[in-house]
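# Notes for the structure review
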Amino acid sequence: MRLAVGVLLCSAVSIAAGSWHPWGDLHTAPPSDRSTLLQGAGLPAQARAVLVTKCADCHSETTVWPAYTRFAPGSWLIERDVAEGRRHLDLSQWQRLSADRQEVLKQEIAQQAKRGSMPPMQYRWLHPGAALTKDEIAALTSLLPADAGGSGPGDAVRGKALFERRCTGCHALDSNREGPRLRGVFGRQAGSASGFSYSSALRERHVAWDSAGLERWLCDPDELVPGNNMDFSVPKSQERADIVAFLASLR
Ligand code: HEC
Ligand code: HEC
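What counts and what doesn't
Residues numbered from 1 in each chain as written. Chains lettered and ligands numbered in written order. Predicted model: local features only at pLDDT ≥ 70, side-chain atom pairs only at ≥ 80, totals over all residues. Heavy atoms only, no water. Near = heavy atom within 4 Å. Polar contact = N/O pair within 3.5 Å; in protein donor to acceptor, adjacent residues only side chain to side chain. Helix = DSSP H or I, 4+ residues; strand = E, 2+ residues; numbered from the N terminus. Nonpolar A, V, L, I, M, F, W, Y, C, P; charged D, E, K, R; others polar. Contact = heavy atoms within 4.5 Å. Donors = N, O, S within 2.8 Å, 3.2 Å for Na, K, Ca; no water. Tetrahedral: all angles 85-135°; square planar, octahedral: opposite > 155°, others 65-115°. Buried < 20%, exposed > 50% of the residue type's maximum accessible area, 1.4 Å probe, protein only.

Taken together, 20 residues lie near ligand 1, and Cys 55, Cys 58, His 59, Met 118 and Asp 231 sit nearest. The contact in question runs from an oxygen atom of ligand 1 to an N or O atom on the side chain of Glu 108, over 3.2 Å. Between ligand 1 and Asp 231 there is a distance of 2.3 Å, counted from an oxygen atom to a side-chain nitrogen or oxygen. Elements represented by at least two residues in the shell around ligand 1 include exactly α2 (45-59), α3 (74-88) and α4 (99-115). Of all the elements, α2 adds the most residues to the shell around ligand 1, at five residues. Per-class residue counts for the shell around ligand 1 are 10 nonpolar, four polar and six charged.

This next bit is on the site of ligand 2. Around ligand 2, 27 residues are found, and the nearest of them are Cys 167, Cys 170, His 171, Tyr 198 and Met 230. One of the backbone N or O atoms of Gly 191 is found 2.8 Å from an oxygen atom in ligand 2. If you tally residues by element for the shell around ligand 2, the top one is helix α9 (residues 211-219), at three residues. The residue makeup of the shell around ligand 2, split by class, is 17 nonpolar, six polar and four charged.

Attention now goes to the side chain of Arg 240. Locating Arg 240 in the fold gives a position in helix α11 (residues 237-249). In this structure the side chain of Arg 240 is engaged in a polar contact, spanning 3.0 Å, whose partner is the side chain of Glu 215. Setting aside its immediate chain neighbours within four residues, Arg 240 contacts Asp 147, Glu 215, Leu 218, Cys 219, Val 234 and Pro 235.

Another aspect to go through is the coordination of the iron atom of ligand 1. Of the protein atoms, only His 59 (NE2) and Met 118 (SD) coordinate the iron atom of ligand 1, at distances of 2.0 to 2.3 Å. Viewed at the metal, the six donor atoms of the iron atom of ligand 1 are separated by angles of 87 to 178°, and the geometry they form is octahedral. Taken together, the residues His 59 in helix α2 and Met 118 in the loop between α4 and α5 (121-126) connect sequence positions 59 residues apart. Owing to a relative accessible area of 35%, Met 118 belongs among the partly exposed residues under this scheme.

Here it is in structure tokens:
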């Protein structure tokens, strides 16, 4: 009898607590109509299908909330993922983003798919079959622009414009943001900007950045420094050369 009362009380508290939403109420979205997601975005059909079926629960306003998402404290963890996921990438808002922002996000998506870090582990536990298949990973990595190959010397003026369009979502020259400050990065020891919390992989690299290192980092950070935290790359060699020239010109 006591046990039954205890269980009842616990469930009542869990349901009541589940109606408290520490990250704001995320259930206000319009009815789940995923056909509107990424409409007219010009993505290949396969890539769009993967994003809509495997990513939209956290990265759009069309989240499906199964019954278990109403029970605290689990509900708080799930809502935190959805709030964070939407903040980074909201497929419901895609059409409102600038072309540059869309380009950056496509590259972040491809990078996450290649790394196998999305969908997150806890989601794969709750949704068997949510992990990306080989074909689905290929569909998402196809979002990276093709490299025409070959490049002339880097041009710092073009590099500055590219930096502003592609990098300033995470980096500033003189302050740490999602990425470390980059003024003076050329010639600086990797992972050494004070006050920035680097991955241990980059912090322990102990190599100063030069043109060749920066070029390889921008081409594929995971290949140069496995375990790093930068979810971005610059697939086109001419663009890499231009950006490196800009970073080298900074005083
Ligand atoms: C369980 C919810 C969830 C699902 C499902 C999910 N994500 Fe995420 N995603 C997150 C959260 C939380 C973040 C922000 C924190 C982080 O980077 O881990 C994030 C961040 C991202 C970012 C931004 C990374 C950055 O560095 O800013 C990209 C890109 C991304 N996810 C792509 C995807 C793709 C592609 C899928 C589907 C294959 C997917 N996600 C599925 C929760 C999710
Ligand atoms: C999605 C966010 C994001 C974008 C976009 C991004 N970076 Fe980063 N960058 C990071 C993070 C996070 C780190 C730290 C990585 C670590 O600790 O492993 C980093 C590290 C770096 C470093 C190493 C700095 C050091 O102190 O060792 C360089 C160089 C760099 N980024 C250049 C760039 C350039 C150039 C661009 C644009 C082409 C760019 N990044 C775009 C997030 C980003």
